[in-house]
Each structure stands twice: as C-alpha cells, then as structure tokens.
Amino acid sequence: MDTGSRMVRASIGTLGVLGMELVFMDSPPTTAYLQIYSEERCRANCRFCAQARGSEADLTRIARGIYPPVELATVVERLGKAYVHGYIRRVCIQTMMTAGMWEDATTLIREVRRTSHVPISFSTHPLGVERYHTLKELGVEHLTIPLDACTEELFDEIKGRGANSPHCWSAHLSGLADALHVFGPGKVGTHLIIGMGESDEDAIRRIDQLCRDGIITALFAYTSVKSSRMHYNCCDPSHYRRVQLAHHLIYTGIDRYDEMRFEDGRVVNYGIGTELLDRVVRAGEAFQTTGCPACNRPYATETHRSMRNFPQKPTESQLEGIRKELDMP
Ligand code: SF4
C-alpha cells in the first residue's frame, strides 16, 4: 500500500515533539495525539464537537487543540524514533464516524506498529466484539469509548436524539462491556466532559460505577470555544475540582460514592477525615490529567490562566488556587 500520499491529523504539541513544527512548550505531550484524516465531516452530530456533521467550525480543531493534516509516513518514522528516545510513551488514535473510518484507522495502526512497539490507545464509538478483537490483534493496547456525558439524559441531549445524532447511551454502555471482555479491566476507558449540566453527584456516581466496572475514566473540563453549538459557560472550576478530587479518592481506593454526602447535588462531605483529605489535596496528584498511562494532554481544554488538568504535579502556588476553588482554608 502506498502510504507516501496518505495523511493523518496530529496535534500541534505532538508535531512539536516530533520536530515537525516550531512551537514553544512548557509541558510537552508525553502521548502523541493523532486523528484519522478525512475531508468528510463526522456522521454523528455531538453538540460540543467541531468535527460534527452540523458544525461549521474548522475541521482542524478538537476542543482547544489544533490538528493540522500532515504526511503519515513522516509522522510514523519520527514517532518510532521519539519512542525509542523516551519523548513519546503512548500514541492515541482518535476517530470519527466516516465512510472510510475502519480502513483509515487500521492502516494508521499498522503504520504506527511498523516503526515501533509504542502502546496504542484507540478512541472510537462502539464497533462490536469482532472489531475489538481485530484491533487488539493489530496492536491496540487500550480501547476508549467516550460517554462524554455523565447521565443518560445529558447524553441524549448532547450526542444522541436531542442533538440529531445516531449515538445511543445503552449501545455505548454495552460497547464498554464488550470491550472489557476483549481487552480486560484497566485496558478500557471512557471520557467524561464535566460542566455540561450535571451535578457533582451525577458525575461522582457515574465515576464510582465505571471504576467498579474496571473502566478507566479520563476527565475533561467543558470548554466553550467559538466552534461550539452548546450554550453552556465553561465548566465552573469549583465543580471541576470537587469531581476531580472524588475521582482520585475513588480510583485510589480511599473512598466510595456511598461514603460521601451530597446536598442539592453538591458534595458536602467526602466521608473521610479532614486530615486525610488535606493530605490528598496537598499531594496534588488528584488534579493531574487522568486517563491512559502517560496521557498528559497539555492544554487540550485549558489555557495558562484556567488550568483544570495539570500535565505535571501542580506547584505550591497552583495548589493554593486549587484550595480556594475547593473552599479549603
Ligand atoms: S485518556 Fe488520553 S490517551 Fe487515552 S484515549 Fe483519552 S486522550 Fe487518548
């Protein structure tokens, strides 16, 4: 197959690490973020997505990130070297619902595998057990099926019927269950976008359930960008911090949803002592990027002035800001 003329989209930060773009980076990505290339828009119509069928936004945008098209052959050659030298520790392949998606995606996986053994994460809508087996055989290590919304109602409104989009909550849940059978616990993940109308309790209940099911949850803060067809403001930082903290407590096994207390949907007591809570907050890990190993997604949904997921341990002054957002002395 001639891959010389094939294209792929890669995030600007990824191109910076690969030496294909001049870009200032205080936090270089440790994962290479790629998206299959298509001139078609996605057949789905998620309201927050610039690539959606009904969006008029530039196809190079994913949230705050810019993904210009570049030559596939050059990217994979450089990727192989970047992995050997330790600059890149994972590749994340993002897909869209297009006619050629399966062929484009499997070609991309094969090409990445041709030059290195870098772990591959693959993010997709539900595809069915047979295709999950094929993906695993081709070398995908981690499969992600993004729910994006924390509740079925929000899902319907934002990426299902209410958005004139083909996605279905129950198909996503059964897709995650099928993927778990093929890839195993800890190797299947989902994305949740926080700040789309859910309460702390909605988000934390969902995170707790996903954790008990063996599914990794990556948190994103909803960001209102020009291309968005949603009418929400950006995610309230205090809401995001409370959910982030609960996520960390649940996934580290320190706490459970059942132990927490909520008032009007807001978490008012985490059910662990204040001393332990204080120690966890001071350690800072709770506020770092979540998801697949080595995925730090610098500035995917943040700006320097509004950091939600820290690509590395937050500094003392950043921790001070976090404590204010959590209403902690
Ligand atoms: S958590 Fe990171 S590496 Fe994993 S699928 Fe999501 S963006 Fe990709």
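To start, this report covers the structure provided alongside it. Worth saying up front: this structure is predicted, and the values here are computed from it rather than measured.

One way to put it is that helix α2 (residues 72-84) packs onto helix α3 (residues 101-115) with a least axis distance of 8 Å and a crossing angle of 40°. Between α2 and α3, the angle falls in the class oblique. Classified by chirality, the crossing of α3 by α2 is right-handed. Between α2, through L72, V76, E77, L79 and G80, and α3, the contact on the second element is made entirely by L108, E111, V112, R114 and T115. Grouping the constituent residues of the contact of α2 with α3 by class yields 5 nonpolar, 2 polar and 3 charged.

Let's shift gears to unusual backbone geometry. Despite not being glycine, D264 has its phi angle at roughly 50°, a positive value. Despite not being glycine, A294 shows a phi value in the positive range, around 70°. The topology assignment puts A294 in the loop between α9 (274-283) and α10 (316-325).

Our focus in this paragraph is the layout of surface pockets. Here the second largest pocket is characterised by a volume of approximately 380 Å³. What lines the second largest pocket is a set of 17 residues, and nearest its centre among them are V268, Y270, L277, L326 and M328. Elements that contribute at least two residues to the lining of the second largest pocket include exactly α8 (237-251), β12 (266-269) and α9. Taken together, the residues of the lining of the second largest pocket sort by class into 8 nonpolar, 4 polar and 5 charged.

Basis of the calculations
- Residues numbered from 1 in each chain as written.
- Predicted model: local features only at pLDDT ≥ 70, side-chain atom pairs only at ≥ 80, totals over all residues.
- Heavy atoms only, no water.
- Axes fitted to C-alpha atoms, helices over the stretch in contact; angles between N-to-C directions.
- Helix = DSSP H or I, 4+ residues; strand = E, 2+ residues; numbered from the N terminus.
- Parallel < 35°, antiparallel > 145°, perpendicular 65-115°, else oblique.
- Left-handed = near helix turned anticlockwise from the far one by under 90°.
- Contact = heavy atoms within 4.5 Å.
- Nonpolar A, V, L, I, M, F, W, Y, C, P; charged D, E, K, R; others polar.
- 1 Å grid on protein atoms, 1.4 Å probe; cavity = no way out; pocket = protein on both sides within 12 Å on 5 of 7 lines; lining within 4 Å.
- Points joined across faces, edges and corners; volume = space filled by probe spheres on them.

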